[in-house]
Amino acid sequence: VRRSLFFPAGTYIVTDTIVIPSFAKLYGEGDNSSIISFDVQNWAANTAYASGVLVYYTAGSTYYRSTAAVPATGIAINNTVYWTADALPSYIGQTADSQGRTGDNILTAPENIEITVMCFQTTQLIDGILIEKAKNCSFNNVNIIGPLLETDLTVSTDNTKAVDWISTSSLPCTQMVFDNCRFSGFTYAMNTAQQINGAVITNGQIDHTYQGIILGGASPNNGGATGVRITNNVFDTVYEEGIYIYGVSLNASGYNIFYDVGNHFNGTTSPASSVITIDAA
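Residues numbered from 1 in each chain as written. Predicted model: local features only at pLDDT ≥ 70, side-chain atom pairs only at ≥ 80, totals over all residues. Heavy atoms only, no water.

**Re the pattern of salt bridges**
Link 1 in the chain: With the rule as written, the count across this model stands at four salt bridges.
Link 2 in the chain: Here Asp-16 makes a salt bridge to Arg-65, at a shortest N to O gap of 3.8 Å. Residue Asp-16 is located in the loop between β2 (10–14) and β3 (18–20), and its partner Arg-65 is located in strand β8 (residues 62–66); the two are separated by 49 residues in the primary sequence.
Link 3 in the chain: Accessibility expressed as a relative area gives 39% for Asp-16, which makes it partly exposed.
Link 4 in the chain: The class for Arg-65 is buried, based on a relative accessible area of 10%.
Link 5 in the chain: Its salt-bridge partner being Asp-207, residue Arg-182 comes within 2.8 Å of it at the nearest N-O pair. Of the two residues, Arg-182 is situated in strand β16 (residues 182–184) and Asp-207 in strand β19 (residues 205–209); the sequence distance between them amounts to 25 residues. (Salt bridge = Lys/Arg side-chain N within 4 Å of Asp/Glu carboxyl O. Helix = DSSP H or I, 4+ residues; strand = E, 2+ residues; numbered from the N terminus. Buried < 20%, exposed > 50% of the residue type's maximum accessible area, 1.4 Å probe, protein only.)

**Examining the nonpolar core**
Link 1 in the chain: The biggest cluster of nonpolar side chains holds 50 residues, and the ones touching the most others in it are Ile-131, Trp-165, Phe-178 and Phe-183.
Link 2 in the chain: Sort the elements by how many residues they give to this core and strand β13 (residues 135–145) lands first, with four residues.
Link 3 in the chain: The residues contacting Phe-183, other than those within four sequence positions of it, are Ile-144, Ala-162, Val-163, Phe-178, Ala-189, Met-190, Ile-201, Gln-205, Ile-206, Asp-207 and Thr-209. (Core = buried A, V, L, I, M, F, W, Y, C linked by side-chain atoms within 4.5 Å. Contact = heavy atoms within 4.5 Å.)

**Brief notes about the packing of aromatic side chains**
Link 1 in the chain: Per the stated rule, a full pass over the model turns up 14 aromatic pairs.
Link 2 in the chain: Judged by centre distance (4.8 Å) and plane angle (10°), the ring pair of Phe-139 and Phe-178 falls under stacked. Within this pair, whereas Phe-139 is found in strand β13, its partner Phe-178 is found in strand β15 (residues 173–179), the two being separated by 39 residues in sequence. Across the pair, exposure class does not vary: Phe-139 and Phe-178 are buried alike.
Link 3 in the chain: In this structure, Lys-25 is placed above the aromatic ring of Tyr-27, and the distance from its NZ or CZ to the ring centre is 5.5 Å. (Phe/Tyr/Trp six-rings, centres within 6.5 Å; stacked < 30°, edge-to-face > 60°. Lys NZ or Arg CZ within 6 Å of the ring centre and 35° of its normal.)

**Re empty space enclosed by the protein**
It is a probe the size of a water molecule, rolled over the atoms, that shows where empty space is left.
Link 1 in the chain: Across all of its chains, the model carries one cavity of 30 Å³ or more by this definition.
Link 2 in the chain: Of the volumes computed, that of the largest cavity is approximately 40 Å³.
Link 3 in the chain: Among the residues forming the lining of the largest cavity, the class breakdown is nine nonpolar, four polar and no charged. (1 Å grid on protein atoms, 1.4 Å probe; cavity = no way out; pocket = protein on both sides within 12 Å on 5 of 7 lines; lining within 4 Å. Points joined across faces, edges and corners; volume = space filled by probe spheres on them. Nonpolar A, V, L, I, M, F, W, Y, C, P; charged D, E, K, R; others polar.)

**Considerations on the sheet that holds strand β26 (residues 276–279)**
Link 1 in the chain: Here eight strands make up an open sheet; going across it, the order is β3-β10-β12-β14-β17-β20-β23-β26 and the pairing parallel. Of all strands in the sheet, those bounded by a partner on one side alone are β3 and β26. Going across the sheet, the axis of each strand differs from the next one's by a mean of 15°, ignoring polarity. (Pairing = 2+ DSSP bridges. Axes fitted to C-alpha atoms, helices over the stretch in contact; angles between N-to-C directions.)

**Structural notes on the environment of Pro-89**
Link 1 in the chain: Locating Pro-89 in the fold gives a position in the loop between β9 (83–86) and β10 (91–95).
Link 2 in the chain: Sequence separation of Pro-89 and Ile-145 is 56 residues, and the distance between their C-alpha atoms is 16 Å.
Link 3 in the chain: Those residues within four positions of Pro-89 in sequence are excluded, and the remaining contacts are Thr-15, Asp-16, Thr-17, Phe-38, Leu-54, Arg-65 and Ile-126.

**Focus: unusual backbone geometry**
Link 1 in the chain: Although it is not a glycine, Asn-136 sits at a positive phi angle of roughly 55°.
Link 2 in the chain: Relative to the helices and strands, Asn-136 is located in strand β13.
Link 3 in the chain: A relative accessible area of 39% places Asn-136 in the partly exposed class.
Link 4 in the chain: One non-glycine residue, Asn-222, lies in positive phi territory at about 50°.
Link 5 in the chain: Within the secondary structure layout, Asn-222 lies in the loop between β20 (211–216) and β21 (225–231).

Geometric values such as these leave the question of function open.
Below you can see the structure in the form of structure tokens.
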């Protein structure tokens, strides 16, 4: 049965990865109005917390997650009745199969997921959305916004991605559509050597990234990305290449516009790299 979730305008704070199963539809009231925000606060003494909340303990440089509702009555962070050490999740959201399974537990391809007119953002150095072994999914008028600024994007050290991909030979990512989406504030909009059998990235905006969309690598998995069409997008404020395709084939770029791209943020009169590099047939 298709599951539909409507997010009225507002900011929805989350501290764990949103798992989106097959046939789910998430929709909001605008890509700048309905916002799922991954935001981890510093732990504070004598503060009530709901069960399942992730906090950062600055004194120990450690993340903790509440295992029960924490009363505002002097509960210490090392009280194991209420808190357990945890790690920062890897993604704001990710696809799952019809039973909500992820990773090696996926039995059938996550499919027919629709996300429209809303925003995913993070204040933490994590990736945006993971497309895992999925097929026939669409993102329309979706913003995926990270925390990185121009001063952070002169190097690729943070290695964050607005969209990440995981495929296997039996469950490749197939026929994905990103229409009128914005990717901003990450090291890369996309950077993958995973197998992709058909994807469209169109009418979107890629800005404030180190590089834009990278397909392939030295050793692409199962042939890497094929059938990816990058069309009619606006690239701006990108430190290096807007599009970089290498070691994979049967992909296309067309009718994109590149403003301040490949200039190392020194202005369009000081080019430092190509706006598009294709090192494959």
